[in-house]
Amino acid sequence: MKYFLSFFFLCCALLLSAQNTATVSGTIRDAQNGETLIGATVEAVGLGKGNISNEYGFFSFTLPEGNDSVSLRFSYIGYQTSYRKIKPVGPIKLNVSLRSEDNVIEEVVIKANSLEEKMKSTEMSVTTISTKEAKLLPALLGEVDIIKILQLKPGITAGSEGTTGIFVRGGGADQNLIVLDEAVVYNANHLFGFFSTFNSDAVKDVKVYKGGFPAQYGGRLSSVIDVRMKEGNNQEFSGSGGLGLIASRLTLEGPIQKDKSSFIVSGRRTYADLITRGINKSNENTPDYNPIPDYYFYDLNTKVNFTLSEKDRLYLSGYFGRDVFKFKDETFNFLFDWGNTTGTARWNHVFGPKLFANTTFTYSDYRYRIRNILQGFSFSLGSNVNDVNTKVDFYYQPSNNHTVRFGANATYHDFVVGRLKAGSDDGEVKFEAGQTFDGMEYGLYANDEWAVTDRFKLSYGARISAWQNNPSFYARFEPRAAANFAINNKWSVKGSYTRMNQYVHLLASSGLSLPTDIWYPSTEGIKPEISDQVAIGTSYLLGDNLLITWEAWYKWLQNQLDFKDGAEVFGNSNLEDELTIGRGYAFSPLELEIEKKEGKLTGWIGYTLAWTKRSDFPDINRGEEFLPRFDTRHNLSIVALWNLSKRWQITATWVYTSGYVAWLPSGRFSFQDIPGGQTQALVPIYGDRNTYRYPAYMRADLGVVWKWKGKYTENDLTLSVYNATDRRNPYFIYINAETVETPLGDRPTRIYAEQVSLFPILPSITWNFKF
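Bear in mind that the values here come from a model prediction, so they are computed numbers and not experimental data. (Residues numbered from 1 in each chain as written. Predicted model: local features only at pLDDT ≥ 70, side-chain atom pairs only at ≥ 80, totals over all residues. Heavy atoms only, no water.)

1. Some remarks on the overall build of the protein
At step 1: Helix and strand content of the protein: 5 helices and 47 strands.
At step 2: Over its C-alpha trace the protein gives a radius of gyration of 28 Å, about what one expects of a compact globule, namely 28 Å for 771 residues.
At step 3: Its C-alpha atoms give the protein principal-axis dimensions of about 105 × 65 × 60 Å.
At step 4: Here the protein, with 771 residues, has 53% of them falling under the buried criterion.
At step 5: Considering only contacts within the protein whose residues lie at least 6 apart along the sequence, 63% involve residues at least 24 apart.
At step 6: Of the roughly 33600 Å² that the protein leaves accessible, carbon and sulfur atoms contribute 57%.
At step 7: Between the mean site of the 80 positive side-chain charges and the mean site of the 83 negative ones, the protein shows a separation of 7 Å. (Helix = DSSP H or I, 4+ residues; strand = E, 2+ residues; numbered from the N terminus. Rg over C-alpha atoms; globule rule 2.2 N^0.38 Å. Buried < 20%, exposed > 50% of the residue type's maximum accessible area, 1.4 Å probe, protein only. Contact = heavy atoms within 4.5 Å. Areas by Shrake-Rupley, 256 points an atom, 1.4 Å probe, with all protein chains shown as cover. Lys, Arg positive; Asp, Glu negative; His and termini not counted. Charge placed at Lys NZ, Arg CZ, Asp CG, Glu CD.)

2. As for the sheet that holds strand β13 (residues 183-184)
Strands pair in a sheet through their backbones, by hydrogen bonds, and they do so in one of two ways: parallel or antiparallel.
At step 1: The mixed open sheet is built from 5 strands, whose spatial order is β9-β16-β17-β12-β13. Pairing within the sheet leaves two strands with one partner each, and these edge strands are β9 (126-129) and β13.
At step 2: Of the strand pairs in this sheet, strand β12 (residues 176-180) and β13 are connected by 2 bridges, and their pairing is antiparallel. Residue pairing in the sheet places Leu180 in a bridge with Ala183 of β13. (Pairing = 2+ DSSP bridges.)

3. Considerations on the pattern of salt bridges
At step 1: Using the criterion set out here, one finds 37 salt bridges in the structure.
At step 2: With a closest N to O distance of 3.6 Å, Glu182 and Arg228 form a salt bridge. Of this pair, Glu182 sits in the loop between β12 and β13 while Arg228 is found in strand β17 (residues 223-229), placing the two residues 46 residues apart along the sequence. Take Glu182 and Arg228: they sit in the same class, and that class is buried.
At step 3: Where Arg728 meets Asp726, a salt bridge forms, and the shortest distance between an N and an O atom there is 3.3 Å.
At step 4: A relative accessible area of 47% means that Arg728 is categorised as partly exposed.
At step 5: Given a relative accessible area of 30%, Asp726 falls into the partly exposed group.
At step 6: Salt bridges sharing common partners tie together Glu182, Asp226, Arg228, Arg346, Lys391 and Asp393. (Salt bridge = Lys/Arg side-chain N within 4 Å of Asp/Glu carboxyl O.)

4. Observations concerning the domain arrangement of the protein
At step 1: Per the domain assignment, the segments making up the protein are domain 1 (2-112) and domain 2 (229-770).
At step 2: On the domain 2 side, the residues contacting the 37 residues of domain 1 number 46 residues.
At step 3: For the pair domain 1 and domain 2, the summed buried area comes to about 3700 Å², and 59% of that belongs to carbon and sulfur atoms.
At step 4: The interface formed by domain 1 and domain 2 includes 1 salt bridge.
At step 5: Note that Glu55 is salt-bridged to Arg405, the shortest N-O span being 2.7 Å.
At step 6: The tally of links between domain 1 and domain 2 comes to 9 residue pairs in polar contact (both at pLDDT 80 or more).
At step 7: Of all the secondary structure elements, the ones that give two or more residues to the side of domain 1 that touches domain 2 are α1 (2-16), β1 (21-30), β3 (49-52) and β4 (58-64).
At step 8: Tallying contributions element by element places α1 first for the side of domain 1 that touches domain 2, with 6 residues.
At step 9: Counted by class, the side of domain 1 that touches domain 2 contains 18 nonpolar, 13 polar and 6 charged residues. (Domains from an automatic or database assignment. Buried area = accessible area lost by both parts, 1.4 Å probe. Polar contact = N/O pair within 3.5 Å; in protein donor to acceptor, adjacent residues only side chain to side chain. Nonpolar A, V, L, I, M, F, W, Y, C, P; charged D, E, K, R; others polar.)

5. Considering the sheet that holds β3
At step 1: The 4 strands lie next to each other as β3-β2-β5-β6, forming an open sheet whose pairing is antiparallel. Strands at the two margins of the open sheet, each flanked by one partner only, are β3 and β6 (82-86). Looking at each pair of strands side by side, their axes are set apart by 15° on average, direction ignored.
At step 2: In this sheet, β6 lies alongside strand β5 (residues 70-75) in antiparallel orientation, the contact comprising 5 bridges. Following the sheet pairing, Leu72 is matched in β6 by Arg84. (Axes fitted to C-alpha atoms, helices over the stretch in contact; angles between N-to-C directions.)

6. Considerations on the nonpolar core
At step 1: Formed by 75 residues in total, the largest nonpolar core has its most connected members in Leu150, Phe198, Val206, Ile225 and Phe415.
At step 2: When near neighbours in sequence (up to four residues on either side) are disregarded, Ile225 contacts Leu150, Ile166, Leu177, Ile178, Val179, Val206, Lys207 and Val208.
At step 3: Counting 19 residues, the second largest nonpolar core, distinct from the first, contains Leu37, Ala40, Ile92 and Leu98. (Core = buried A, V, L, I, M, F, W, Y, C linked by side-chain atoms within 4.5 Å.)

7. Comments concerning the side chain of Asn234
At step 1: Mapped onto the elements, Asn234 comes out in the loop between β17 and β18 (238-243).
At step 2: There is a polar contact of 2.7 Å between the side chain of Asn234 and the side chain of Gln235.
At step 3: Filtering out sequence-adjacent residues up to four positions away, Asn234 remains in contact with Asn33, Gly34, Pro255, Lys258, Asp259, Ser261 and Ser262.

8. What about the packing of aromatic side chains?
At step 1: Counting across every chain of the model gives 36 aromatic pairs.
At step 2: Judged by centre distance (6.5 Å) and plane angle (80°), the ring pair of Trp491 and Tyr540 falls under edge-to-face. With Trp491 in strand β30 (residues 491-502) and Tyr540 in strand β33 (residues 529-542), the pair connects residues that are 49 residues apart, well separated along the chain.
At step 3: A connected cluster of aromatic rings, assembled from ring pairs, spans Tyr554, Trp556, Tyr585, Phe587 and Trp611.
At step 4: Lying over the aromatic face of Tyr296, Arg269 brings its terminal NZ or CZ to 4.3 Å of the ring centre.
At step 5: Cation over ring: Arg346 sits above Tyr315, and NZ or CZ is 4.4 Å from the ring centre. (Phe/Tyr/Trp six-rings, centres within 6.5 Å; stacked < 30°, edge-to-face > 60°. Lys NZ or Arg CZ within 6 Å of the ring centre and 35° of its normal.)

9. Quick look at the side chain of Glu551
At step 1: Mapped onto the secondary structure, Glu551 falls in strand β34 (residues 546-563).
At step 2: Within the structure, Glu551 has its side chain in polar contact with the side chain of Arg169 (distance 2.7 Å).
At step 3: In this view, Glu551 contacts Met124, Ser125, Arg169, Ile536, Gly537, Pro589, Leu590 and Glu591; residues no more than four positions away in its chain are not counted.

10. Concerning the environment of Gln560
At step 1: Tracing the backbone through its elements, the reader meets Gln560 in strand β34.
At step 2: With a relative accessible area of 3%, Gln560 lands in the buried category.
At step 3: Sequence separation of Gln560 and Thr612 is 52 residues, and the distance between their C-alpha atoms is 13 Å.
At step 4: Of the polar contacts made by the side chain of Gln560, one reaches the side chain of Gln175; its length is 2.9 Å.
At step 5: A polar atom in the side chain of Gln560 sits 3.4 Å from the side chain of Glu529.

11. So, the pairing of β34
At step 1: Pairing analysis gives 13 bridges linking β33 to β34, with the strands arranged antiparallel. Bridged to Leu542 within β34 is Leu546.
At step 2: Between β33 and β34, which follow one another and run antiparallel, lie 3 residues, and Gly543 among them has a positive phi close to 70°.
At step 3: For β34 and strand β35 (residues 579-596), the ladder comprises 15 bridges, and the chain directions are antiparallel. Note that in β35 the partner of Thr549 across the bridge is Glu593.

12. Concerning the environment of Val721
At step 1: As for its placement among the helices and strands, Val721 is situated in strand β44 (residues 714-722).
At step 2: Note on Val721: relative accessible area 19%, which makes it buried.

Take a look at the structure:
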């Protein structure tokens, strides 16, 4: 605590210090639609002074006062560079709009800082993806999915075949903090994980932290996935959309008052249920009629923003998404639905040229419901978690050498775990079960990014987190530190250390991302999970257009949760009795990425060599060390985007992953009721946990994009081929048995493993349009 207070008082001292300088501040936007630009660069030409815009487009930096004019350069990848001349006297307010480049090549570039800025930054283990890039890459059934693009980055391992589940640097699927406009998304999946909840037409920016977490983030151990929605075009009314094989999208945006306010509404829906309903209706009077289940999902994103004054801006955004599965016949009526709801109210205020504040209120809700009505009996099962959060973040630039961020947040959590209601139609039989919890989570943080010299930068800070769930209370200190030393203009070395705590936990009964997985709070019996991660690395800029980044990292995990061997999960009124607590660790000596962001051929190559292990679980594997299911030794991905002309582009991805581990029986025994009688049962014998490894996973995807312009529209037709080589990768493997007859007349039972594969070669076509 004393170190945190010392750091806080240092920030206050910087706040009060007088400077004989001129401060330039403002916001950088897209000239065409008014969207703020995140990570745009502003630089005083020839003076070596400058900064980059923050996540709200705001920038601030200082110059020595004087009467001589100074030229400022504003740049952003994919946009034309703009120059402005100023006289550095007193505070200067300067809002700048940049125009997009006409060259189509720039459209395939990942939106991020320049490679040189990335090399010089203290940020480590950070990935940024744009929707422009995501829309060009081949996709499963033509549905663009930003989360699946992240799976192609080093250090991020995909879940099962075709799903959006991700495991980051040895962490579990629940240890990723996913936020949409700063509101937590608890289940970012549709169709049992095959598609994510993020509609690419509504998304502006995605930034992923795999380590070196800034102090403003907390609550999860392994990663932060920060998704920000578009703000809406404040210049003119426009729209975009797409028509694919399984879903359609439509986005409308425009000014409420030009230059002052705007709106955006974006929707997406699948339509397989419309087809199945038509088939069911046409066949309902035929003999032996068996209805086909209905399934669909939809998303709705909305956002409005208002410029209240030169210093104030208000944003209101929301997301609503649902999956619905229905099946009904003469005696059986089954309904299963689940989804997320989020809402965000955000107020930006500029106190002065050096101090910027953001105050945010968010609401998050995730719930699922299963309802089954039989003749004479019905039951329902549900669970939900919802949060109400308020936070305030300050961004202070006392000088060019210091960027200080500090703030606080408080979140109220409400959990309903496994609420079961059942009863007969006549009311004679009734049954209810379930648990409810609530809790408060707090955070207080401060961080300073200090340019010690022109070559050495240091980011240091801390976060104090706390959890209260009567009668339990936990408070934890979380130090954060990162450093960058530039050996020369092309080569830098980096290092980082972070500690994170997690107070809410996902109790998953399988390796899949199921909507029935349960979120559970920390209690007296379940302590917060803890991770410590240290990383070192280096970045080398080859020429001006190729960045090679190597990182090595080690992660310690404490208070890890898992179900006991043989745990009874469903229908259990006290899940804590079925849990066991242990430790874990993960490390990688080689996490490599080679990026190329400009030219006709762009893309990246990523490779990770890593180990992930768990140990000291008293009720799993006799307390001995074992591999979790998502341990994969080698992960290699190659992504290429080739711009043939202004109208044609070819894209390709290739993925190789060592097989997941599995817990399969190593033998069996049988018993008979009497000697010589028939075998009554075959009982599998399980040895140590997860000692079998699946075959390696390999997949190649191809895509072709054709663009053309109409009188009022811009169009593209995207052809994707998923799993172009038609390789049958294992989705799961199970043990089967069959009786065979030998030439001698014996009928022994043959035991063998059988592989189930999910996706063969899958071509798809999608029409996208803008107007």
